[in-house]
Amino acid sequence: MNILGLANHGLSDFEQLAVLGVVLTAIISLIYAWLLRNKVYKKDKGTEKMQAVWNAIRLGADSYLSRQLKTILPVIGLLTVALFFSVYIVPPSREALEEFPNNTQLIIAIGRALSFVAGATFSLMVGQLGMRMAIQANVRTASAARRSFNEALSIAYYSGTVTGMLTDGLGLLGGTIIFIIFGRAAPEALLGFGLGGTILALFMRVGGGIYTKAADVGADLVGKVEKDIPEDDPRNAAVIADLVGDNVGDCAGMAADIFESYEVTIVSALILGLTLVAIDPTHSLKWIIFPLIIRGVGVISSIIGTFTVPMWEKFPVRFLRSHNAEESMFRSYEVSSVITILVSFVVAQLYANDWRLALLTAVGVGLAVVYNPLTSYFTSYKDAPVREIVDATETGPATTILSGLSLGMESSVWALVVITISFIIALMVYGPQGAVYVLYAVSIIGIGMLSHTGNNVAMDSYGPISDNANGIGEMAWQGMQDEGTRKARQIMAELDAVGNTTKAITKGVAIASAVIAAASLFASFITDVSRAQIALGLPAMDSIRISETGVFIGLLLGGALPWLFSSLSIRAVSRAAGQIVLEVRRQFRIPGIMEGTLQPDYARVVSISTGSAQKELIPLATIAIVMPLLVGLILGVEALGGFLAGVILSGQLLAVFMANGGGAWDNAKKAIEDEPSNPAHNTGKGSERHKASVVGDTVGDPLKDTAGPALNPMIKVVNLVSLIAAPILVRYADLGWVGWAVVGVLAVGMVWGIARSKKSAPKLKASPVAGD
């Protein structure tokens with residue numbers, strides 16, 4: 001048997017069938033996404049007024065993505081050329097020579113460049129198609145809320161599932177096809193595939209995060225705090241930009257973010273698996289095939305789990321019924337988890353003859369499951385930590401902010417403890433067999449953790465869909481007080497409240513998966529460096545010695561990078577939000593706007609947010625790419641390893657702190673908004689407690705939706721760039737004048753990136769608006 005030429009790579013008949021099954025599973029995932037899309041598209045879009053609001057959101061989001069694409073395409077082209085020629089700087093690996101004895105470097109160079117383009121294209125598709133699906137769903141969800149809770153939930157969740165299945169299908173398809181084509185030389189191309197997805201995710205995360213939070217902060221500060229008008233009030237000129245931001249940030253950005261984590265965990269598992277094939281006395285290919293099979297199983301489990309979400313409300317067994325959207329999603333996630341764990345034990349025992357692989361898969365699945373209640377505990381308005389923030393609003397904004405800061409710091413510690421426990425299990429299971437086996441075990445935990453990416457992305461996309469639907473209803477149903485409209489408003493409020501928690505949960509899973517993926521890439525870095533050193537007859541590096549001064553310097557610099565990156569991201573939001581505040585204030589001074597007789601100029605605020613977001617894309621990406629290269633060239637490859645360790649540790653702690661602290665402030669505000677409004681008792685909207693909570697939420701917005709999430713792809717960009725550069729750094733450790741010239745160019749790029757990101761925003765020119 002020789003399916004797709006797999007026998008040429010040494011695969012047995014069963015392994016060939018398994019790989020073919022994985023490819024077919026990826027295709028099934030894409031078909032399932034298409035079927036769900038068609039199901040959602042059959043639903044109505046509501047009244048003309050609802051469609052008018054929806055159309056403004058759609059045009060704003062399309063405009064943003066088109067402009068973003070024009071900004072990043074030149075960078076993708078430049079990096080494609082760089083990756084092509086990077087293959088020629090060092091000799092090809094032994095595996096590459098064995099797979100392709102003729103024209104080895106040309107084949108690998110083409111493979112790496114095309115894989116990079118494929119990774120970037122897939123990441124772009126997931127982000128853009130996912131966002132467009134969310135926009136199609138938000139108005140349909142709002143319309144369905146007029147009829148029933150379950151119908152609105154089904155539309156919002158199934159639309160998110162479309163994005164989740166795209167993530168599963170494209171990520172699995174890309175990694176598997178690269179392995180089919182390149183066999184044991186696959187790591188050479190997989191690095192390009194991973195970097196392509198990660199770079200695009202960084203662009204979409206940073207740009208989307210700046211856009212959404214600039215609009216959100218600007219809208220809240222003027223609308224809620226200064227003018228005391230409701231959220232999503234049509235008189236607020238920033239309201240459409242705010243609703244657009246939910247899509248470009250939480251849909252397009254998050255989908256691309258989780259997609260690249262999904263990619264990178266496959267890449268790292270296959271790279272380490274190929275290393276184990278070489279050192280395993282039996283040369284078994286189970287180290288490569290097992291993670292692919294588990295990812296295929298995870299896709300099927302996700303399909304089953306996501307399909308069950310709307311069923312829990314009318315489940316045949318009465319005590320299992322649920323009218324709670326959050327509970328329905330959690331149960332469906334658990335259904336997927338049970339299926340994956342059970343099948344993984346069957347596969348591990350019957351195929352790999354190693355139950356430890358199934359145990360590690362179960363640990364990864366369990367890690368994702370544990371993150372759900374852990375994140376929910378620190379961000380849900382039902383639990384003690386958020387209630388403490390609500391109580392702190394009694395004494396003003398300062399104590400509100402202090403309470404949220406302390407909560408975020410504590411949550412980061414417990415998140416790290418959970419990840420550490422999973423690493424300890426990997427050490428206990430494979431420790432006696434050596435360091436490479438332990439590092440591979442960590443990568444399998446990552447495979448398990450993201451095996452239900454379909455569920456994770458569905459839960460995340462559900463959040464902005466329900467938020468947008470609520471906003472559309474707020475704007476289109478203004479002044480309507482009939483029983484049906486009140487019921488629809490209540491349904492949308494319930495779905496929106498759950499959406500805030502699910503977004504926080506998926507951010508936690510995304511951060512944890514970033515750490516797992518980065519740890520696996522870190523392991524691949526050590527392996528690649530040692531292989532390059534052996535090829536040159538040098539002593540092989542098998543560890544990173546922190547006692548070495550250069551390594552310790554690298555560790556310190558790595559720990560500093562996430563703080564610099566976050567600082568520049570938050571500064572960008574602050575600048576853009578300031579511009580929007582001034583513009584919204586200007587429009588409120590126009591006669592007729594506050595009275596509701598004149599429509600604000602929504603497009604101008606959309607334009608300000610779009611321009612501000614695009615300005616930051618290239619400088620921040622430059623910093624993430626250039627800094628590891630500078631450290632490696634100046635301090636050496638081992639110091640670069642210390643740098644990566646610092647980035648991973650500091651980035652994880654900071655990202656969780658910002659994501660959970662911001663999420664807690666947001667839900668504390670919503671808890672006060674749900675109270676009966678009574679200024680005499682300082683409760684509900686318009687009260688002093690509410691104003692304090694809005695300030696806390698405004699501070700937390702750029703933390704949880706811009707700086708925190710942007711650290712996920714940044715960490716992996718740094719690791720992948722280091723991994724690709726490692727063999728080059730080993731070969732040219734002694735810098736000649738050419739090397740120092742390169743250092744000079746990179747240093748100039750680093751300074752430019754920082755200076756460009758810190759540059760003050762231009763003052764807005766007065767723009768005539770109807771009624772001026």
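Since the model is a prediction, treat every value here as computed from it, not as a measurement. (Residues numbered from 1 in each chain as written. Predicted model: local features only at pLDDT ≥ 70, side-chain atom pairs only at ≥ 80, totals over all residues. Heavy atoms only, no water.)

(A) Region of the structure containing the pattern of salt bridges. Applying the stated rule across the entire model yields 25 salt bridges. Here Glu-151 ties to Lys-43 by a salt bridge, and the two come within 3.7 Å at their closest N and O atoms. Of the two residues, Glu-151 sits in helix H5 (residues 149-182) while Lys-43 sits in the loop between helix H1 (13-41) and helix H2 (48-86), which places them 108 residues apart along the sequence. By relative accessible area, Glu-151 is classed as buried at 19%. Residue Lys-704 pairs with Asp-701 through a salt bridge whose shortest N-O separation is 3.6 Å. Of this pair, Lys-704 and Asp-701 both sit in helix H19 (residues 688-731), 3 residues apart, roughly one helical turn. Residues joined by salt bridges that share partners form a network here, namely Lys-213, Asp-216, Asp-666, Lys-669, Asp-697, Asp-701, Lys-704 and Asp-705. (Salt bridge = Lys/Arg side-chain N within 4 Å of Asp/Glu carboxyl O. Helix = DSSP H or I, 4+ residues; strand = E, 2+ residues; numbered from the N terminus. Buried < 20%, exposed > 50% of the residue type's maximum accessible area, 1.4 Å probe, protein only.)

(B) Examining the confidence of the model for the chain more closely. Mean pLDDT for the chain: 85, with 96% of residues reaching 70 or above. For residues 766-772, every residue scores under 50 in pLDDT, and the model assigns this stretch 14 contacts once sequence neighbours within four places are set aside. (pLDDT = per-residue confidence, 0-100. Contact = heavy atoms within 4.5 Å.)

(C) Examining helix H20 (residues 737-758) more closely. Between its first and last C-alpha, H20 extends 32 Å over 22 residues, near the 32 Å set by a 1.5 Å rise per residue. Among the residues of H20, those classed as buried are Gly-739, Val-743, Leu-746, Gly-749, Met-750, Gly-753 and Ser-757. The arc that holds the buried residues of H20, viewed along the axis, is 125°, so those residues lie on one side. Of the exposed residues in H20, those oriented more than 90 degrees away from the buried face are Trp-737, Val-745, Val-748 and Val-751. Its buried side turned inward, H20 meets helix H16 (549-588) and helix H17 (602-635). (Expected span 1.5 Å × (residues − 1). Arc of directions from axis to C-beta.)

(D) Representation of the side chain of Lys-704. Owing to a relative accessible area of 7%, Lys-704 belongs among the buried residues under this scheme. Looking at Lys-704, its side chain comes within polar contact range of the side chain of Asp-705, at 2.6 Å. When near neighbours in sequence (up to four residues on either side) are disregarded, Lys-704 contacts Lys-213, Lys-507, Met-658, Ala-659, Gly-662, Gly-663, Asp-666 and Pro-709. (Polar contact = N/O pair within 3.5 Å; in protein donor to acceptor, adjacent residues only side chain to side chain.)

(E) How the structure looks around the layout of surface pockets. Computed from the structure, the second largest pocket encloses a volume of approximately 1000 Å³. Ala-82, Ile-625, Leu-629, Val-742 and Leu-746 are the residues nearest the centre of the second largest pocket, which is lined by 34 residues in total. Looking at the lining of the second largest pocket, the elements that each hand over two or more residues are H2, helix H6 (186-226), H17, H19 and H20. Of all the elements, H2 adds the most residues to the lining of the second largest pocket, at 9 residues. Taken together, the residues that form the lining of the second largest pocket break down as 29 nonpolar, 4 polar and 1 charged. (1 Å grid on protein atoms, 1.4 Å probe; cavity = no way out; pocket = protein on both sides within 12 Å on 5 of 7 lines; lining within 4 Å. Points joined across faces, edges and corners; volume = space filled by probe spheres on them. Nonpolar A, V, L, I, M, F, W, Y, C, P; charged D, E, K, R; others polar.)

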